[in-house]
Amino acid sequence: EDQVTQSPEALRLQEGESSSLNCSYTVSGLRGLFWYRQDPGKGPEFLFTLYSAGEEKEKERLKATLTKKESFLHITAPKPEDSATYLCAVHPGGSYIPTFGRGTSLIVHP
Amino acid sequence: NAGVTQTPKFQVLKTGQSMTLQCAQDMNHNSMYWYRQDPGMGLRLIYYSASEGTTDKGEVPNGYNVSRLNKREFSLRLESAAPSQTSVYFCASSAPEGLEYQETQYFGPGTRLLVL
């Protein structure tokens, strides 16, 4: 059974305090790992797709990395506007159905 | 492009009432999905449609039915609402025509449903 575990469940940071969010997964034949951002009261919004171990992608203060067992979302010098819930999802090979983690709620204090 | 739109945004039902949640996308996507999101449970797949004319059950299909009306529209119906169906419902779409392995999902704004 495909599983995705995100940690921590919640994270509070001071503005400028860098940190990382973790997404551990077990899946048969990873087709892709996805990171989404979800603001309160809104639908998830796509951030990154990673396909193979060693791959990295960056967008502003965010950098996503992938190994064979986990992915990290690194946040460098976060700002209050980075506050949101970050969701991780994996697509197994040959399936249309993604498995989502429960998310990490990030709050960045000014 | 409006992306993925959902109606209504908010609905209150009494136990036993029925309703249909509407979803439409204007991105020419093949696949469409219905999820529910509950506190502490994350996103759970209710039904999905890999392409026009097909639908399949997801993780939590009981109490729901779906219709893929055409390539753009995918509706979710609650025949007899129960308090356990109080949730936020999200529609999503993916897989533009002609691109392989393009499974990025684009989500609508959600429908907040309260069943009393």
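Residues numbered from 1 in each chain as written. Chains lettered and ligands numbered in written order. Predicted model: local features only at pLDDT ≥ 70, side-chain atom pairs only at ≥ 80, totals over all residues. Heavy atoms only, no water.

Geometrically, the link from A:S7 to A:P8 is a cis peptide bond, its omega value of -10° lying close to zero. Along the chain, A:P8 falls in the loop between strand 1 (3-7) and strand 2 (10-14). Residue B:T7 is joined to B:P8 through a cis peptide bond whose omega torsion reads -5°. In this structure, B:P8 sits in the loop between strand 1 (4-7) and strand 2 (10-13). Positive phi is not limited to glycine here, since A:A77 has a value of about 45°. Locating A:A77 in the fold gives a position in the loop between strand 8 (70-75) and strand 9 (84-92). (Helix = DSSP H or I, 4+ residues; strand = E, 2+ residues; numbered from the N terminus.)

Membership of the largest hydrophobic core comes to 22 residues, with the highest contact counts inside it found for A:L33, A:W35, A:L73 and A:Y86. Those elements giving two or more residues to this core turn out to be strand 2, strand 3 (19-26), strand 4 (30-38), strand 5 (45-50), strand 7 (62-66), strand 8, strand 9 and strand 11 (104-109) of chain A. Leaving out residues up to four positions away in the same chain, A:L33 has contacts with A:C23, A:Y25, A:F48, A:T49, A:L50, A:L66, A:S71, A:C88, A:A89 and A:V90. Among the nonpolar cores identified, the runner-up in size contains 19 residues, and B:V4, B:M19, B:Y64 and B:V115 belong to it. (Core = buried A, V, L, I, M, F, W, Y, C linked by side-chain atoms within 4.5 Å. Buried < 20%, exposed > 50% of the residue type's maximum accessible area, 1.4 Å probe, protein only. Contact = heavy atoms within 4.5 Å.)

All names here are of chain B. The element strand 8 (residues 74-78) is largely enclosed, with a buried count of four among its five residues. In this structure, strand 3 (residues 19-25) lies alongside strand 8, joined through three bridges in antiparallel fashion. Within strand 8, the residue paired with T20 across the bridge is R77. Both strand 7 (residues 64-68) and strand 8 contribute to a ladder of five bridges, which runs antiparallel. The residue bridging R68 from the neighbouring strand is F74, located in strand 8. Between strand 7 and the antiparallel strand that follows it, strand 8, lie five residues. (Pairing = 2+ DSSP bridges.)

The partner chain A presents 20 residues to the 21 residues of chain B that form the contact. Overall, the association of chain B and chain A removes approximately 1,700 Å² of surface from exposure, summing both partners, and the carbon and sulfur fraction of that is 58%. For the pair chain B and chain A, the number of links is zero salt bridges. Taken together, the connections running from chain B to chain A amount to four residue pairs in polar contact (both at pLDDT 80 or more). Where the side of chain B that touches chain A is concerned, the elements lending two or more residues are strand 4 (29-38) and strand 5 (42-49) of chain B. Each residue belonging to the side of chain B that touches chain A can be placed in one class, and the counts come to eleven nonpolar, eight polar and two charged. (Buried area = accessible area lost by both parts, 1.4 Å probe. Salt bridge = Lys/Arg side-chain N within 4 Å of Asp/Glu carboxyl O. Polar contact = N/O pair within 3.5 Å; in protein donor to acceptor, adjacent residues only side chain to side chain. Nonpolar A, V, L, I, M, F, W, Y, C, P; charged D, E, K, R; others polar.)

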